[in-house]
Amino acid sequence: MEMTKTLGEFIVERQAEYPNASGALTSIFSSIRLASKVVHREINKAGLGDINGAAGEENVQGEEQQKLDIYANEKFKSALAARGVVCGIASEEEDKYVNFEGNSQDGEYVVLMDPLDGSSNIDVNVSVGTIFSIYKRVSEVGQPVTSEDFLQPGDKQVAAGYVIYGSSTMLVYTTGNGVNGFTFDPSLGVFCLSHPDMKTPEDGKIYSVNEGNYIHFPEGVKKYIKYCQQEDAATNRPYTSRYIGSLVSDFHRNLIKGGIYFYPPSSSHPSGKLRLLYECNPIAFLAEQAGGSAIAAPDQRIMELKPTELHQRTPFFVGSNNMIAKVEEFMREN
Ligand code: AHG
Ligand code: MN
Ligand code: MN
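Computed from a predicted structure; not experimentally measured.

**Comments concerning the domain arrangement of the protein**
Part 1 of the reasoning: Here the protein is described as being made up of domain 1 (7-195) and domain 2 (206-333).
Part 2 of the reasoning: Domain 1 and domain 2 are separated by 24 Å when their C-alpha centres are compared.
Part 3 of the reasoning: On the domain 2 side, the residues contacting the 49 residues of domain 1 number 33 residues.
Part 4 of the reasoning: At the boundary of domain 1 with domain 2, total buried surface from both sides reaches about 2,900 Å², with 62% on carbon and sulfur atoms.
Part 5 of the reasoning: Considering only the surface of domain 1 that becomes buried against domain 2, Ile 131, Leu 151 and Tyr 162 emerge as the three largest contributors, covering 21% of it.
Part 6 of the reasoning: The tally of links between domain 1 and domain 2 comes to 2 salt bridges.
Part 7 of the reasoning: A salt bridge links Asp 155 to Arg 301; the nearest nitrogen and oxygen atoms lie 2.8 Å apart.
Part 8 of the reasoning: Linking domain 1 with domain 2 are 16 residue pairs in polar contact (both at pLDDT 80 or more).
Part 9 of the reasoning: Elements supplying a minimum of two residues to the side of domain 1 that touches domain 2: β3 (86-91), β5 (109-117), β6 (128-136), β7 (159-165) and β8 (169-174).
Part 10 of the reasoning: The dominant element in the side of domain 1 that touches domain 2, judged by the number of residues it contributes, is β6, at 7 residues.

This is the structure we're talking about:
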């Protein structure tokens, strides 16, 4: 059988797309690729060792940390620190941003990440992911990183992507020239191009939301959910409801099949739950690059938000263009 292109080969082939950063980005992707293989290995035997379950600590947001959250954080952090091109990181699992000392100080890039997304799904053998977002630093090279390096709007992302540890492990990324997906072949230990130039359908028929929170949603969102459930042959309704509870997995499915994912504001959580910098921005970048859209509110693109805090949350609506337009319409009217 002829082997398809590997991720490494693909990155080299595409280097012309980011002429000022080719070496650095190649290096950052090598780090991410390596760490994701290590996490893949650990996840695939999660039931066998003692890596399952809670670690007995909470992260800065008061959420219980799972052992694999911490494990994945350490693996990605050390892989990114090892090559001298990343000067610092921010992570869901780190209270503050982390400055990489030594050689890394000359690095020009920062990485923000959710090392393990959907971690409450780990113990029950359901897909989880890693989300990452790459920016050029704005502080002076050779100096420690500053919070300004991390509080950049999503529009400034140089690259972003996710790894999904699902029925197979995949890495999906963008550098602003479309979206490409690579499936991990464990027998070879390489990611192979399996989903070139991914495009999301303009229309979809899947809606993904935690409907248990329905009672707390704003009126417009409630009405949109009812709209999804109504019968209408012309628009293919009722839509199908699918919600895994791992953003990466829910988004990945909808990206391919067409659909909408939303984590709306609610009376108990006015900013929703998802984190702008290392969940929503990278997913928004991918969505737009695949021809879809991502908003926080009507006429408010996620990637135009000006971040003020590392762990800030935002309402999030992402997916097929026509579905986003429809939910916007309902929110505007209510
Ligand atoms: P994380 O595991 O990184 O904390 O993220 C979980 C997020 C996201 O992946 C998912 O879509 C959402 O939380 C699910 O939240 P609910 O359980 O409130 O629906
Ligand atoms: Mn997450
Ligand atoms: Mn997480």
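Next comes the rest of the account.
**Regarding the coordination of the manganese ion (ligand 2)**
In an ideal tetrahedron of four donors about a metal, each angle is 109.5 degrees. In an ideal octahedron of six donors, the angles are 90 or 180 degrees.
Part 1 of the reasoning: Note on the manganese ion (ligand 2): its protein donors are Asp 114 (OD), Asp 117 (OD) and Glu 279 (OE). The metal-donor distances range over 1.9 to 2.2 Å.
Part 2 of the reasoning: Written as a sequence motif, the donor residues of the manganese ion (ligand 2) are D-x2-D-x161-E.
Part 3 of the reasoning: Between the manganese ion (ligand 2) and the manganese ion (ligand 3) the interatomic distance comes to 3.8 Å, and Asp 114 is a ligand of both metals. Of the two residues, Asp 117 sits in strand β5 while Glu 279 sits in helix α7 (residues 276-289), which places them 162 residues apart along the sequence. There is no split in this pair, since Asp 117 and Glu 279 are both buried.

**Some points on the sheet that holds strand β16 (residues 316-319)**
Part 1 of the reasoning: Read across the open sheet, the 6 strands follow the order β12-β11-β13-β16-β14-β15; overall the sheet is mixed. Strands at the two margins of the open sheet, each flanked by one partner only, are β12 (240-241) and β15 (300-301).
Part 2 of the reasoning: Judged from the 2 bridges that link them, strand β11 (residues 206-208) and β12 form a sheet pairing that is parallel. Opposite Tyr 207, over in β12, you have Ser 241 as the bridge partner.
Part 3 of the reasoning: Sheet contacts for helix α5 (residues 219-229): β11, β13 (260-263) and β16; angle to β13, the most-contacted strand, approximately 150°.

**Brief notes about the site of ligand 1**
Part 1 of the reasoning: Contacts to ligand 1 come from 17 residues, most closely from Asp 117, Asn 210, Tyr 243, Tyr 261 and Tyr 263.
Part 2 of the reasoning: At 2.6 Å, a side-chain N or O of Asp 117 approaches an oxygen atom of ligand 1.
Part 3 of the reasoning: Note that an oxygen atom of ligand 1 is positioned 3.0 Å from one of the backbone N or O atoms of Ser 119.
Part 4 of the reasoning: If ligand 1 stood free it would expose 470 Å²; the protein chains cover 84% of that surface.
Part 5 of the reasoning: Because more than half of its atoms lie within 2 Å of the grid, ligand 1 is assigned to the largest pocket.
Part 6 of the reasoning: Mapped by element, the contributors of at least two residues to the shell around ligand 1 are β5 and β13.
Part 7 of the reasoning: It is β5 that provides the largest number of residues to the shell around ligand 1, a total of 3 residues.
Part 8 of the reasoning: Per-domain counts for the shell around ligand 1 show at least three residues from each of domain 1 (7-195) and domain 2 (206-333).

Reading the values: the criteria
- Residues numbered from 1 in each chain as written.
- Chains lettered and ligands numbered in written order.
- Predicted model: local features only at pLDDT ≥ 70, side-chain atom pairs only at ≥ 80, totals over all residues.
- Heavy atoms only, no water.
- Domains from an automatic or database assignment.
- Contact = heavy atoms within 4.5 Å.
- Buried area = accessible area lost by both parts, 1.4 Å probe.
- Salt bridge = Lys/Arg side-chain N within 4 Å of Asp/Glu carboxyl O.
- Polar contact = N/O pair within 3.5 Å; in protein donor to acceptor, adjacent residues only side chain to side chain.
- Helix = DSSP H or I, 4+ residues; strand = E, 2+ residues; numbered from the N terminus.
- Donors = N, O, S within 2.8 Å, 3.2 Å for Na, K, Ca; no water.
- Buried < 20%, exposed > 50% of the residue type's maximum accessible area, 1.4 Å probe, protein only.
- Pairing = 2+ DSSP bridges.
- Axes fitted to C-alpha atoms, helices over the stretch in contact; angles between N-to-C directions.
- Near = heavy atom within 4 Å.
- Areas by Shrake-Rupley, 256 points an atom, 1.4 Å probe, with all protein chains shown as cover.
- 1 Å grid on protein atoms, 1.4 Å probe; cavity = no way out; pocket = protein on both sides within 12 Å on 5 of 7 lines; lining within 4 Å.
- Sits in = over half its atoms within 2 Å of the grid points.

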